[in-house]
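Residue strings, one per chain:
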Amino acid sequence: LLVLIIILLNIFLTKSIKKVIRAREEAAKLANDLKRANTKLDDANLDLREKNSALKGLAESLEVSNNQLDGANIQLKELDKQKTEFLDIASHQLRTPLSAMIGLLSMQADGDFDSMTEKQKKEQQNNMLISADRLKNIVADLMDAMEAEMGLSLKMAPVNVEKLATEAINTLKP
């Protein structure tokens, strides 16, 4: 009977010990799995920190770029304003002698000069030449400025102003 109790106790203890061993093995396996998962989390956390740092660098770089773009935009607006002012002044400067030439040539074409003395006619023709010369000088100055700005080399050629003005008047007639 004692042997039987010992055998039963042995079986019971063996089963209990096997359960404990299995539980320890399972706990060890879970601990290893947990350790691997923790290592993966640490790696992922490190990767996130590196990416966060890179994003901060990009954000700073974007801020610098935005500031530079803002400055460039302000400069472009100022240049656009200057361009508009220049075009306004240039168009006025070109229009003034051209209007005088057209007016005088129109008067001549309408016969308003017929009743004038030769001296008066010469004086009006001289006024036309002065206006044409002024216009030529303005255009030459503009061309010189454009050449300097763009590195171009343009050459002026003689022009028959009277022929050019006559053609302009003929073009404007209905």
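Model, not experiment: these values are computed from the prediction. (Residues numbered from 1 in each chain as written. Predicted model: local features only at pLDDT ≥ 70, side-chain atom pairs only at ≥ 80, totals over all residues. Heavy atoms only, no water.)

Caption draft 1: Layout of the nonpolar core. Counting residues in each nonpolar core, the largest one holds seven residues, listed as Leu104, Leu105, Phe113, Met116, Met128, Ala165 and Ile169. Those elements giving two or more residues to this core turn out to be helix H1 (2-109) and helix H3 (161-172). (Core = buried A, V, L, I, M, F, W, Y, C linked by side-chain atoms within 4.5 Å. Buried < 20%, exposed > 50% of the residue type's maximum accessible area, 1.4 Å probe, protein only. Helix = DSSP H or I, 4+ residues; strand = E, 2+ residues; numbered from the N terminus.)

Caption draft 2: Summary view of helix H2 (residues 118-150). Taking 1.5 Å of rise per residue, the 33 residues of H2 would be expected to cover 48 Å, and the 47 Å separating its terminal C-alpha atoms lies within 8% of that figure. Inspection of H2 places Gln124, Met128, Ser131, Ala132, Leu135, Ile138, Ala140 and Glu147 among the buried residues, and these make up the whole buried set. (Expected span 1.5 Å × (residues − 1).)

Caption draft 3: Broad picture of the packing of H1 against H2. Contact pair H1 / H2: the axes reach a minimum separation of 9 Å and the direction vectors enclose 155 degrees. For the element pair H1 / H2, the angle class is roughly antiparallel. Taken as a pair, H1 and H2 cross one another with a handedness that is left-handed. Packed against H1, whose contacting residues are Phe86, Gln93, Leu94, Thr96, Pro97, Leu98, Ala100, Met101, Leu104, Leu105 and Gln108, the element H2 presents Gln124, Gln125, Asn127, Met128, Ser131, Ala132, Arg134, Leu135, Ile138, Val139 and Leu142 at the interface. (Axes fitted to C-alpha atoms, helices over the stretch in contact; angles between N-to-C directions. Parallel < 35°, antiparallel > 145°, perpendicular 65-115°, else oblique. Left-handed = near helix turned anticlockwise from the far one by under 90°. Contact = heavy atoms within 4.5 Å.)

Caption draft 4: A positive patch on the surface, seen in detail. A contiguous patch of positive charge on the surface is contributed by Lys15, Lys18, Lys19 and Arg22. The topology assignment puts Lys15 in helix H1. On the basis of relative accessibility, which here comes to 54%, the residue Lys15 falls in the exposed class. (Patch = residues over 30% accessible without salt bridge, like charges linked within 9 Å, V, L, I, M, F, W, Y side chains within 5 Å. Areas by Shrake-Rupley, 256 points an atom, 1.4 Å probe, with all protein chains shown as cover. Salt bridge = Lys/Arg side-chain N within 4 Å of Asp/Glu carboxyl O. Lys, Arg positive; Asp, Glu negative; His and termini not counted. Charge placed at Lys NZ, Arg CZ, Asp CG, Glu CD.)

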